[in-house]
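One-letter residues, chain by chain:
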Amino acid sequence: MNKYVIRGGKPLFGEIEISGAKNAAVAILPAALLVDGVCRIENVPQISDVTLSLEILSALGANVRMLNRTTVEIDCRHIRNFSVPDDLCRKMRASYYLIGSLLGRFGQAQVAMPGGCNLGVRPIDLHIKGFQLLGAKTDVLGGYVYAEAPKNGLSGTNIYMDQVSVGATMNIMMAAVLAKGMTVIENAAKEPHIVDLANFLNTMGANIMGAGTDVIKIRGVERLHGGNYSIIPDQIEAGTYMACVTATGGNVLIKNVIPKHLDCITSKLVEMGVEIREEGENIRVIRKRPLKRTNIKTMPYPGFPTDMQPQIAACLCLANGTSMINEGIWENRFRYVEEFKRLGANIQVDGKIAVIEGVGQLNGAPLQACDLRAGAAMVIAGLAAKGITEIGSIHYIERGYDELVRKLRGVGAEIAIVAFPDEDSRMDPAVG
Ligand code: UD1
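What you see is a predicted model; the values in this text were computed from it and never measured.

A. Quick peek at the site of the ligand. Lining the immediate environment of the ligand, one finds 22 residues, of which Asp125, Leu126, Ser165, Gly167 and Asp307 sit closest. In the environment of the ligand, an oxygen atom lies 2.6 Å from a nitrogen or oxygen atom belonging to the side chain of Ser165. In this structure, an oxygen atom belonging to the ligand sits 2.9 Å away from a main-chain N or O atom of Ile329. For the ligand, whose free accessible area comes to 740 Å², the fraction covered by protein is 91%. When atom positions are compared with the pocket grids, the ligand is found to occupy the largest pocket. If you list the elements that add at least two residues to the shell around the ligand, you get α1 (22-31), α5 (125-133) and α6 (166-176). Considering each element in turn, the shell around the ligand owes the most residues, three residues, to α5. When the residues that make up the shell around the ligand are grouped by side-chain class, the tally is eleven nonpolar, seven polar and four charged.

Encoded structure:
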């Protein structure tokens, strides 16, 4: 079993290049199923969730070709199989996008229920309600979701989301692009990857308006044609490296970002005493002074992202004073707290609230990653802690971070992947 071994306590200096956005990629790759032509997709991050998405497309009969490390060509003109195997779906939450894309293009989908629920209850009722409103018949039976369009196809309609959901917004968008007439999604999520999916589909000939606002209008078109598209930079990957510098101190240029997408993270780091300078498509993060406390409430975009909550918690463990985190999206997103306590952190959790008493210094210890962002937060804490931190179950982290070790070593971090005897090779269900 591989672990990360970190010798912490060193400030970081240099440059880090950000990869394509995971949460955009895991939607855009299945959305290629909607396209009756060849898509060339650039800036695809090399992470295990992408490898799995491409494996699923191949299993369905798509022709998938990597042109270079970050560019893939996908041809979905000859798909014959509309059923996605259970073993592949279980490993990745985002496999739910296959329902919307297969249903939208072929009028039928049979997809195993997506992987487990490490962040608490993760229903897909809003996705299913949307498909039903478009006219599909759906069933959940024997661990599979079945969806079927009527003989004359799906029809556009008005869909009001009673809760803001990133996944349901994108899945309904996929099912609606080829439906007859106009679909209006109200109370839609506004995350950058929603805009990216809409831009991808529009490049291929779809007619989607309003993505990035809370009303998205989709006028159905006859067919999508092939084309080229480049995925946006990863907001959360960039935020994670900003948090690394916040925790360790130093001066790092984070390259290839969309600064606007980072505003929600930047404003909190500035409150904590970090200096942040926008330099075109790059962001410079400088931390010289001791960190100040702050409070965080996670919310849908443009609020503070829940996917940055554990990483900012790692920084707050080192700040002066008491900080409070209110988790507004997921029920169970403080599982990292017990691991942080091994490093000497002082955190009390009550339901969706965590109170963090800054301790000034953490001390290295052996840790186990428990999900993707919690794992990233453990890396941040380990980089700041004095001495050696070992992090196990790094498969979680590799789901979402492209070359994390190489990027961190490039700014002077002492981190390595080390093979250990197989004491714990559990493969827990996926989240993210
Ligand atoms: C996506 C992200 C995940 C991020 C989350 C919130 C991907 C692959 N994952 O997850 O990293 O943490 O957005 O930014 O992009 N809900 C329902 N019914 C549904 C769907 C959701 O009640 O049918 C609830 C959820 O339980 C949760 C809230 O809505 O409390 C938000 O979930 P949602 O935005 O759908 O998250 P995901 O799309 O699964």
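Still to come is the rest of the account.
B. A look at the pattern of salt bridges. The tally for this structure, following the rule as stated, stands at 21 salt bridges. As a salt-bridge pair, Lys3 and Glu390 come within 3.5 Å of each other at their nearest N and O atoms. On the criterion of sequence distance, the pair formed by Lys3 in strand β1 (residues 2-8) and Glu390 in strand β23 (residues 387-392) is long-range, its members being 387 residues apart. Accessibility expressed as a relative area gives 6% for Lys3, which makes it buried. In this structure Glu390 comes out as partly exposed when scored by relative accessible area, which is 23%. Between Asp36 and Arg223 there is a salt bridge whose closest N-O contact spans 3.1 Å. Of this pair, Asp36 sits in the loop between α1 and β3 (38-42) while Arg223 sits in the loop between β13 (215-219) and β14 (227-230), and the two are 187 residues apart along the sequence. Residue Asp36 is classed as partly exposed on the basis of its relative accessible area of 27%. Arg223 sits in the partly exposed class, given a relative accessible area of 45%. Connected through shared salt-bridge partners, Arg69, Asp402, Glu403 and Arg406 make up one network.

How each quantity is defined
Residues numbered from 1 in each chain as written. Predicted model: local features only at pLDDT ≥ 70, side-chain atom pairs only at ≥ 80, totals over all residues. Heavy atoms only, no water. Near = heavy atom within 4 Å. Polar contact = N/O pair within 3.5 Å; in protein donor to acceptor, adjacent residues only side chain to side chain. Areas by Shrake-Rupley, 256 points an atom, 1.4 Å probe, with all protein chains shown as cover. 1 Å grid on protein atoms, 1.4 Å probe; cavity = no way out; pocket = protein on both sides within 12 Å on 5 of 7 lines; lining within 4 Å. Sits in = over half its atoms within 2 Å of the grid points. Helix = DSSP H or I, 4+ residues; strand = E, 2+ residues; numbered from the N terminus. Nonpolar A, V, L, I, M, F, W, Y, C, P; charged D, E, K, R; others polar. Salt bridge = Lys/Arg side-chain N within 4 Å of Asp/Glu carboxyl O. Buried < 20%, exposed > 50% of the residue type's maximum accessible area, 1.4 Å probe, protein only.

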